[in-house]
Amino acid sequence: VREAVVSTQSTGQNPSLSLDHSLSTAYAVLLFTAVIEGWSLSFAYRQAKIQSKLEGVSFYHYIFKGYEPNTIAVLAEDIAATLGVVIAGAGIGLSAYTGNPMYDALGSIGVGTLLGGMAVFIILRNKDALIGRSMNSIKQRAVVGMLEREESVLSVNDVKTMVEGPSYVRFKAEIFFNTEVITKKYLDTIDTAALLNEAQSLQTNTDMENFMMEQNQRMVDTLALEVDRLEYLIKRKYPEIRHVDLELL
């Protein structure tokens, strides 16, 4: 604004007409920017609300502690841009109204400070996406609870999680299995009468060793299938958990 007045004075033009034209141009640009940024802000806000509901957390928790850095970055940038338009418009308007260019300068400083503060927020908010962090504690307890409700599981121990991206979580736990349930699962897959006849036909120690080794191998296979089943249940219910490592305790 100040530069426009100086320019018109040096060229002999009417300062008030040129100033009005400069203000009209400035406010037209600010209005266009406000419309674009406001639309983008409303879209980012709705997307963040949807994501917070999908993750089962509050909107505040999603903004400050959620796992999706991209949506938060867009939302923060749109907020800064929209507020920046308001600050810039206020600075230009006050300068034009009072004739004091200080308000225009303060508006520029305010916009710069706002952008810098928002950049710091985005850096702090997204650093965990680079160095990794644990899964949301509420969701982690939900996964553990789901495992503990399984008949074959007695307890879940030493749970460790790592968030490596917006939709990539690693889950590791040690499982103390109910051996009776695992044994029943194995017996349900075989002909117990045939197994009894085979056991009764054993005559030597070698026959006994071979028989026991075969049964042990089948029990191990049954246990491995149970581990695979539990891992599948976790991935199906929580698609963001891409890697599951369940170890025997």
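Since this is a predicted model, take the numbers as computed values, not measurements.

> Just to check I follow, could you spell out helix 4 (residues 69–98) for this structure?
Residue pairs spaced three or four apart in an α-helix point in one direction, given the helix's 3.6 residues per turn. With 30 residues, helix 4 extends 43 Å between its outermost C-alpha atoms, agreeing within 8% with the 44 Å of an ideal straight helix rising 1.5 Å per residue. One or two positions beyond helix 4, positive phi appears at G99, with a value near 75°.

> Just to check I follow, could you spell out the packing of aromatic side chains for this structure?
Remark: the centre distance and the inter-plane angle together describe each pair of aromatic rings, the angle taken between the planes. What the rule picks out here adds up to four aromatic pairs. Residues Y60 and F64 carry aromatic rings whose centres are separated by 4.7 Å and whose planes lie at 40° to one another, so their mutual orientation is tilted. Of this pair, Y60 and F64 both sit in helix 3 (residues 59–65), four residues apart, which is roughly one turn of that helix. The class of F64 is partly exposed, set by a relative accessible area of 43%.

> What is the right way to look at the nonpolar core in this model?
As a rule of thumb, nonpolar side chains are buried together in soluble globular proteins. Counting residues in hydrophobic clusters, the biggest one holds 23 residues, and the most contacted among them are L147, F171, I175, F177, I234, I241 and L246. Mapped onto this core, the elements with two or more residues apiece are helix 6 (137–148), strand 1 (153–165), strand 2 (168–177), helix 9 (205–237) and strand 3 (241–248).

> Explain the packing of helix 8 (residues 192–200) against helix 9 to me, please; I cannot follow it from the model alone.
Each pair of packed helices gets described by two things: the angle between the helix axes and the distance between those axes. It is at 10 Å that the axes of helix 8 and helix 9 come closest, and there the two elements cross at 150°. With respect to each other, helix 8 and helix 9 are oriented roughly antiparallel. At the point where helix 8 passes helix 9, the crossing takes the left-handed sense. Across the interface between the two elements, L195, E198 and A199 of helix 8 pack against F211, E214 and Q215 of helix 9.

> Sorry if this is basic, but what is going on with the pairing of strand 2 here?
When a strand is regular, its side chains alternate between the sheet's two faces. Of all 10 residues in strand 2, seven are buried, a share of seventy percent or more. The pairing of strand 2 with strand 3 spans seven bridges and is parallel. Paired with I175 across the two strands is L248, which belongs to strand 3.

> Could you clarify how one ought to interpret unusual backbone geometry in this entry?
Unlike most non-glycine residues, D158 shows phi in positive territory, near 50°. As for its position among the elements, D158 is in strand 1.

> Would you explain the confidence of the model for the chain in this entry?
Any residue range with low pLDDT should be treated as having predicted coordinates unsuitable for detailed reading. Summary statistics for the chain give a mean pLDDT of 84 and a share of 88% for residues scoring 70 or more. Element-level mean pLDDT values for the chain span from 41 in helix 1 (residues 2–11) up to 93 in strand 2. This model gives residues 1–17 a pLDDT under 50, and the stretch forms 12 contacts once residues within four places in sequence are excluded.

> Got a minute to help me understand the pattern of salt bridges in this structure?
Pairs can form between side chains of opposite charge whenever their charged atoms are close. In the structure shown here, the tally under the stated rule is eight salt bridges. Between D158 and K172 there is a salt bridge, and its shortest N-O distance comes to 2.7 Å. Placement of D158 in strand 1 and of K172 in strand 2 is noted, with a sequence separation of 14 residues between them. For D158, a relative accessible area of 35% corresponds to the partly exposed category.

Reading guide: rules and limits
- Residues numbered from 1 in each chain as written.
- Predicted model: local features only at pLDDT ≥ 70, side-chain atom pairs only at ≥ 80, totals over all residues.
- Heavy atoms only, no water.
- Helix = DSSP H or I, 4+ residues; strand = E, 2+ residues; numbered from the N terminus.
- Expected span 1.5 Å × (residues − 1).
- Phe/Tyr/Trp six-rings, centres within 6.5 Å; stacked < 30°, edge-to-face > 60°.
- Buried < 20%, exposed > 50% of the residue type's maximum accessible area, 1.4 Å probe, protein only.
- Core = buried A, V, L, I, M, F, W, Y, C linked by side-chain atoms within 4.5 Å.
- Axes fitted to C-alpha atoms, helices over the stretch in contact; angles between N-to-C directions.
- Parallel < 35°, antiparallel > 145°, perpendicular 65-115°, else oblique.
- Left-handed = near helix turned anticlockwise from the far one by under 90°.
- Contact = heavy atoms within 4.5 Å.
- Pairing = 2+ DSSP bridges.
- pLDDT = per-residue confidence, 0-100.
- Salt bridge = Lys/Arg side-chain N within 4 Å of Asp/Glu carboxyl O.

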